[in-house]
Amino acid sequence: NGKEQSVSDFTSSISGLTFENVTAGAKGTKANEYATIFTGQSSLVIKDSTGADVTNHYTVSYAPGKLTITKAILTATAGNRSMTYGNAGAITPAASVTYSGFVNGETKTTAGVSGTVSYTYLNGTTPVTVNNSLGAGSYAIRPVLTALTAENYTFVPADGVLTVNLATNLRVTV
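All values derive from a computational prediction rather than experimental measurement.

Parameters at a glance
- Residues numbered from 1 in each chain as written.
- Predicted model: local features only at pLDDT ≥ 70, side-chain atom pairs only at ≥ 80, totals over all residues.
- Heavy atoms only, no water.
- Core = buried A, V, L, I, M, F, W, Y, C linked by side-chain atoms within 4.5 Å.
- Buried < 20%, exposed > 50% of the residue type's maximum accessible area, 1.4 Å probe, protein only.
- Helix = DSSP H or I, 4+ residues; strand = E, 2+ residues; numbered from the N terminus.
- Contact = heavy atoms within 4.5 Å.
- Lys, Arg positive; Asp, Glu negative; His and termini not counted.
- Salt bridge = Lys/Arg side-chain N within 4 Å of Asp/Glu carboxyl O.

In terms of nonpolar packing, the biggest core is built from 13 residues, with Tyr99, Val113, Leu148 and Phe155 touching the most fellow members. Contributing elements (two or more residues each) for this core: strand S8 (72–78), strand S10 (97–100) and strand S14 (153–158). For this core, the leading source of residues is S8, giving three residues. For Tyr99, the residues in contact, after removing those within four places along its chain, are Leu74, Thr75, Ala76, Lys108, Val113, Val117, Leu148 and Phe155. Grouped together as the second largest cluster of nonpolar side chains are ten residues, Ala78, Ile91, Tyr121 and Leu134 included.

Structure below.
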């Protein structure tokens, strides 16, 4: 999210001991992995469970750790649309998508979301073509997000609904 994230703790694999005067930490601002930095190794003090200094009884080695900042999930929801049977040219409104899940007050612009969204229309799990012969009923509008990118977000689609209304003013002559 562009804001600094940090971790400043470390753990020992030796139970019953405490470590003083040494710290470990890592900082990062983007989805990535960041190496741990140790400070204070030269003044390390190891104490046993009674509080006695037992530093001279141990040889200490420092194993690198890491801070992992994962991408946040951004949901892209297709906007609902409608049309009348036999009039696919009048489908309204224009295809659209809204985003939810931004963190720390970010927006599409400040998060650097780029790319285009396409759409698949479905009857259950079967793709359909939106044309004049598409029957009255409701169809899922699934946003296809493979062309979207953002440094700190992963995209998840959420369906909208296409409603095909019955034709009106139909005149039948017998």
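Right, let's get into the side chain of Arg81. Mapped onto the secondary structure, Arg81 falls in strand S9 (residues 81–84). It is Asp159 that comes nearest to the buried, bridge-free Arg81 among opposite-charge side chains, at 13 Å.

As a further point, take the environment of Ile14. Locating Ile14 in the fold gives a position in the loop between strand S1 (5–7) and strand S2 (18–20). Considering only alpha carbons, one finds Ile14 and Val45, 31 residues apart in sequence, at a separation of 14 Å.

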